[in-house]
Amino acid sequence: MKVVVATLNAKYIHTCLALRYLKSFAEPEFPVTIKEYTIKDPAMNIAMDLYREAPDVVGFSCYIWNIEETIPVLSILKKVRPDVKIVLGGPEVSYDIEHWFRRIPEADFIVYGEGEETFKELLEELAGGGNFRDVLGLARRGGDGGVIINPPRPKLDLHRIPTPYRFPEDRPHLSKRIVYMETSRGCPFRCQFCLSSIESGVRYFDIDRIKEDILYLIQNGAKTIKFVDRTFNIHRTFALELFRFLIDNHGGCVFQFEITADILRPEIVRFLNENAPPGIFRFEIGVQSTNPLTNELIQRRQNFEKLARTVRALREGGKIIQHLDLIAGLPEEDYTSFKKTFNDVFALEPEELQLGFLKLLRGTGLRREAEKHGYVYIDRAPYEVLSSKVLSFDDMIRIKRAEDILEKYWNSHHLDETVKFLTRNEFETPFDFFQSFGDYWEERGWMRIGHQLEDLFLRLRQFLRDRGTPNLPVIEGFMKYDYLTHFKHRPRSVWWEGMDKGERQALLRRLAAEPEAVSADFAALRLTEQKLVKHCRLEVLPFDLAHYRATGVIRREPCCLIVHYDSEKGKGKAFTAPLARLGLAGSSTAT
């Protein structure tokens with residue numbers, strides 16, 4: 001019996017851990033072939049590839065991001081191979097099972113809940129006689145056209161699951177794709193927008209086996225391992241032991257975790273700040289809302305003061321990359337409340353801030369209470385909320401504009417210094433910047449056309465000019481710094497009018513003659529005039545950038561910005577020096 005398990009990932013770099021669990025548990029009794037595609041692949045191409053496998057059984061792992069793209073594949077495959085048994089599983093089809101049998105006539109079986117043991121027992125019955133009544137966690141079509149749903153399966157003893165991380169066919173791809181890993185299943189929290197709230201209790205895999213699997217993955221080329229535990233740090237000693245192990249054995253691999261920051265103990269924060277190599281740990285921290293009533297309604301226990309203290313401590317440590325999440329559309333969070341939530345969280349200045357929109361997942365408490373909250377939402381996956389009794393569709397549209405600017409101008413890291421200055425100094429709140437610029441972006445029709453890197457700078461400058469923003473020369477100075485330090489190689493052109501030739505020549509001569517007037521590090525580069533021209537970009541800023549970084553005060557003293565490019569060392573390195581220190585003209589005022 002030829003068995004294939006398949007899924008459509010959101011991107012090529014993603015991998016599906018669920019398929020590997022099914023394979024590890026079913027083998028060796030039932031050899032399983034894994035086939036992964038993406039939601040961008042044409043349905044016909046996927047169906048043809050599966051048809052060439054000549055399968056007797058095909059299992060599809062279904063999620064909100066791929067169910068709509070999976071259904072056409074099932075339709076084609078069943079037409080060209082009518083005898084194939086199609087098995088669906090995954091969180092998207094584990095709820096409202098009758099609906100899915102009506103919606104997908106090609107489906108023969110649905111495995112709901114944890115699938116490893118159910119799928120293997122289903123294969124045993126398909127191979128040996130077809131008595132499906134005793135297969136717990138299985139749903140199937142009845143002889144009368146109805147649906148038969150067997151009782152649910154008890155939680156699986158995780159120690160019975162063989163490792164899913166060591167298949168030889170995965171080894172050549174470990175360096176090119178994200179490896180997903182579980183150290184536990186379950187979540188202690190009850191957030192009503194999340195499917196994890198349905199399962200009570202947390203179960204752990206054996207920590208020694210986890211360590212062995214991690215070493216295997218690193219030794220075989222894995223570059224990114226994402227732990228999919230819902231709250232990695234819920235068990236303090238378990239988390240600390242693994243953090244310590246990863247620090248000692250990382251081999252340059254990057255590790256991503258979902259962290260509940262308000263329960264991350266101070267001693268763990270100190271340990272990470274003192275011992276973690278910079279950049280190998282990435283924490284995803286769900287904040288969602290800072291509105292107390294909203295958190296109460298969604299049964300989310302969260303101490304934002306502790307969370308903020310943890311995020312600040314990790315940011316000051318400089319070792320951990322932090323990605324914080326918000327959700328627009330939660331109960332009783334109107335536009336004004338969401339603006340406050342955004343500003344509360346943006347004040348922490350995380351490396352990334354994701355602004356998501358509530359999705360009413362099948363099986364969740366919020367979906368059951370949709371009418372109570374006045375939710376209007378998209379009928380099909382991903383079931384995104386369009387409006388609620390406190391948040392209109394117009395409000396949602398405006399928030400989406402702000403989200404678009406957040407992605408382009410904050411999460412992209414193209415204009416870090418500029419956006420920090422604007423949100424701290426030139427706009428009443430950070431949200432006001434993102435919202436007003438998003439509205440302006442829409443008014444100009446830029447949502448419907450593409451953009452290059454230079455366009456981001458030019459459009460921001462146009463927006464700031466049109467609104468009459470004060471301190472524009474200073475802001476443009478930050479923009480020039482952000483632009484020049486973005487590149488690994490010296491840019492041939494810039495989007496602004498540079499220095500005149502005479503001013504530039506005077507600077508070049510001075511820098512070549514007295515580099516120590518800039519700094520000892522700059523002097524150590526030993527740059528001649530010719531090398532300065534070849535490897536550096538020079539610009540005069542209307543303020544002392546180094547003084548601003550040290551004090552937060554703009555001192556209006558013209559400053560020379562030198563960006564040196566060495567592609568082997570990453571992006572351009574900036575040096576600054578007041579013109580007066582270089583013996584050139586300049587005056588000083590502080591604001």
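Here the structure is shown first, and the text comes after it.
Each value, and the rule that gives it
Residues numbered from 1 in each chain as written. Predicted model: local features only at pLDDT ≥ 70, side-chain atom pairs only at ≥ 80, totals over all residues. Heavy atoms only, no water. Helix = DSSP H or I, 4+ residues; strand = E, 2+ residues; numbered from the N terminus. Buried < 20%, exposed > 50% of the residue type's maximum accessible area, 1.4 Å probe, protein only. Contact = heavy atoms within 4.5 Å. Phe/Tyr/Trp six-rings, centres within 6.5 Å; stacked < 30°, edge-to-face > 60°. Pairing = 2+ DSSP bridges. Axes fitted to C-alpha atoms, helices over the stretch in contact; angles between N-to-C directions. Parallel < 35°, antiparallel > 145°, perpendicular 65-115°, else oblique. Nonpolar A, V, L, I, M, F, W, Y, C, P; charged D, E, K, R; others polar. Salt bridge = Lys/Arg side-chain N within 4 Å of Asp/Glu carboxyl O. Core = buried A, V, L, I, M, F, W, Y, C linked by side-chain atoms within 4.5 Å.

### Some points on the overall build of the protein
- Counting its secondary structure elements, the protein contains 21 helices and 20 strands.
- Each principal axis of the C-alpha distribution contributes one length, and for the protein these read about 90 × 55 × 50 Å.
- A total of 591 residues make up the protein; the buried ones form 54% of that total.
- Across the protein, every contact between residues at least 6 apart in sequence was considered, and the portion connecting residues at least 24 apart equals 71%.

### Concerning the packing of aromatic side chains
- Taken as a whole and judged by the stated rule, the model has 44 aromatic pairs.
- For the ring pair Y409 and W441, a centre distance of 6.1 Å and an interplane angle of 80 degrees mean the geometry is edge-to-face. One end of the pair, Y409, is in helix α13 (residues 393-411); the other, W441, is in helix α15 (residues 430-443), and 32 residues separate them in sequence. Taken individually, Y409 and W441 each receive the classification buried, so the pair is uniform in this respect.

### Quick notes on the sheet that holds strand β12 (residues 254-259)
- Taken together, the six strands give an open sheet; going across it, the order is β8-β11-β12-β13-β14-β15, and neighbouring strands pair in parallel fashion. What marks the edges here is a single partner per strand, and that holds for β8 (178-181) and β15 (352-357). Direction aside, the axes of adjacent strands within the sheet are offset by 20 degrees on average.
- Across four bridges, β8 lies against strand β11 (residues 224-227) in parallel orientation. The partner of I178 across the bridge, within β11, is T224.
- Each of β13 (281-288), β14 (320-328) and β15 is contacted by helix α11 (residues 335-346), which is oriented at about 175 degrees to β14, the strand it contacts most.

### Structural notes on the packing of α15 against helix α16 (residues 453-466)
- Orientation of α15 relative to α16, taken along the N-to-C sense of each, is 100 degrees, at an axis distance of 11 Å. By the angle class used here, α15 and α16 are roughly perpendicular. Residue-level inspection shows F433, S436, F437, Y440 and W441 of α15 in contact with α16, the latter providing L456, R459, L460, Q462, F463 and D466.
- Split into classes, the residues belonging to the contact of α15 with α16 amount to seven nonpolar, two polar and two charged.

### Side note on the pattern of salt bridges
- One pass over the full model with this rule turns up 47 salt bridges.
- One salt bridge in this structure joins E182 and R185, with 3.0 Å as the shortest N-O distance. Like E182, the residue R185 is buried in the burial classification.
- One connected set of salt bridges, linked through shared partners, spans K2, K35, D49, R52 and E53.

### Quick word on the nonpolar core
- Counting residues in each nonpolar core, the largest one holds 121 residues, and the members touching the most others are F243, F281 and F283.
- Ranked by residue count, the leading element in this core is helix α17 (residues 472-484), at eight residues.
- Counting residues in each nonpolar core, the second largest holds 28 residues, with A6, I71, W100 and A381 among its members.

### Thoughts on the sheet that holds strand β3 (residues 57-61)
- With mixed pairing, seven strands are arranged side by side in an open sheet as β2-β1-β3-β4-β5-β6-β7. The sheet terminates laterally at β2 (32-38) and β7 (147-149), the two strands that pair on one side only. On average, adjacent strands in this sheet sit at an angle of 20 degrees to one another, irrespective of strand direction.
- Both strand β6 (residues 138-141) and β7 contribute to a ladder of three bridges, which runs antiparallel. Looking at the pairing, R140 lines up with I148 of β7.
- Against the sheet, helix α1 (residues 17-26) contacts β1 (3-9), β2 and β3, and its axis sits at roughly 175 degrees relative to β2.

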